Amino acid sequence: MRAYEYDTDDTKDQREDHDSGVAVSVAELERIGVISHHFSSVDDVNSLALERGYKNRDEITVSPAALGDVYETKVKVFFNEHIHEDEEIRYILDGEGFFDVRSNDDRWLRIRLVKGDLIILPAGIYHRFTTDNKNYVKAMRLFKEEPKWTPLNRGPEVDENNFRKSYVQFLAGV
Ligand code: KMT
Ligand code: NI
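Predicted model only: the values in this text are computed from it and were never measured.

**Here we look at the confidence of the model for the protein chain**
Then comes step 1: Scored by pLDDT, the protein chain has a mean of 95; 99% of the residues are at 70 or more.
Then comes step 2: For this predicted complex, the interface confidence reaches an ipTM of 0.92, while the overall pTM sits at 0.95.

Structure, rendered in structure tokens:
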């Protein structure tokens, strides 16, 4: 895992690094509720899943080979800024990708994940995902119960969502 402030150069594809050169620390990510681990064995993922009460999981490959014609569309959909009403845990099985999360003052922080990296995004955090310019990631998605991965795209309505509001309260230290 390596995190940095995203350079908002819209002339570049979302899959480019967009590295502003300003590093973001693990502590800064923890302050916004984002936790990361590096697990070389899936046994460690199993322990974490057990500890946090996760019962379900699936695997997704995001690549032109796996998704064919819909790859480009999928990659754009994942890159729409959204929240979920549950934690999002992702474990990178192969390849690499970027999760962008909003800082507490609404800047984009880019988190680069490679094989063995695991990330926990809290419910209600605005975020987005993209592959990098290698166009290949294989990830495990973990769920507590039923998959609740419906993305709620950012907008005035979602700003009023109860999961969003709880997260905003967490940021404010309430
Ligand atoms: C999400 O919610 O944005 C995703 O699950 C992205 C695909 S998983 C690598
Ligand atoms: Ni998401």
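**Points about the UniProt feature "binding site: Ni(2+)" (unreviewed entry) in the protein chain**
Then comes step 1: When the UniProt feature table is mapped onto this chain, "binding site: Ni(2+)" (unreviewed entry) is found at His 82, His 84, Glu 88 and His 127. For the annotated residues, spread through 46 residues, the largest C-alpha to C-alpha distance comes to 11.6 Å, consistent with a single compact locus.
Then comes step 2: Relative to the helices and strands, His 84 resides in the loop between strand E5 (82–83) and strand E6 (88–102).
Then comes step 3: Checked against the element boundaries, Glu 88 lands in strand E6.
Then comes step 4: Among all residues touching Glu 88, those that are not within four sequence positions of it are His 82, Phe 99, Ile 119, Ile 120, Leu 121 and His 127.
Then comes step 5: Here His 84 takes part through its side chain, which lies 2.5 Å from a polar atom of the side chain of Glu 88.

**Re the site of ligand 1**
Then comes step 1: Close to ligand 1 lie Phe 78, His 82, His 84, Glu 88, Arg 90, Phe 129 and Ala 139.
Then comes step 2: Within the side chain of His 84, an N or O atom sits 3.1 Å from an oxygen atom of ligand 1.
Then comes step 3: Contact distances for ligand 1 include 3.0 Å between an oxygen atom and a side-chain N or O atom of Arg 90.
Then comes step 4: When ligand 1 is considered free in solution it has 300 Å² of accessible area, and contact with the protein chains removes 97% of it.

**Considering the coordination of the nickel ion (ligand 2)**
Then comes step 1: At this site the nickel ion (ligand 2) is bound by His 82 (NE2), His 84 (NE2), Glu 88 (OE) and His 127 (NE2), with donor distances of 2.0 to 2.3 Å.
Then comes step 2: All donors of the nickel ion (ligand 2) come from a single chain, and their spacing in sequence reads H-x1-H-x3-E-x38-H. Linking His 84 in the loop between E5 and E6 with His 127 in strand E9 (residues 127–131), this pair joins segments that are 43 residues apart in sequence. For the pair His 84 and His 127, a shared accessibility class is recorded, and that class is buried.

**Digging into the UniProt feature "binding site: Fe(2+)" (unreviewed entry) in the protein chain**
Then comes step 1: Under the UniProt annotation, "binding site: Fe(2+)" (unreviewed entry) lies at His 82, His 84, Glu 88 and His 127.
Then comes step 2: Classification of Glu 88 by relative accessible area gives buried; the value is 5%.
Then comes step 3: Once residues within four sequence positions are removed from consideration, His 127 is found in contact with Asn 80, Glu 81, His 82, Ile 83, His 84, Glu 88, Phe 99, Asp 100, Val 101, Trp 108 and Leu 121.
Then comes step 4: In terms of polar contacts, His 127 uses its side chain to reach the side chain of His 82, at 2.9 Å.

Parameters and conventions
Residues numbered from 1 in each chain as written. Chains lettered and ligands numbered in written order. Predicted model: local features only at pLDDT ≥ 70, side-chain atom pairs only at ≥ 80, totals over all residues. Heavy atoms only, no water. pLDDT = per-residue confidence, 0-100. UniProt positions renumbered as here; feature names shortened; annotations may be inferred. Helix = DSSP H or I, 4+ residues; strand = E, 2+ residues; numbered from the N terminus. Contact = heavy atoms within 4.5 Å. Polar contact = N/O pair within 3.5 Å; in protein donor to acceptor, adjacent residues only side chain to side chain. Near = heavy atom within 4 Å. Areas by Shrake-Rupley, 256 points an atom, 1.4 Å probe, with all protein chains shown as cover. Donors = N, O, S within 2.8 Å, 3.2 Å for Na, K, Ca; no water. Buried < 20%, exposed > 50% of the residue type's maximum accessible area, 1.4 Å probe, protein only.

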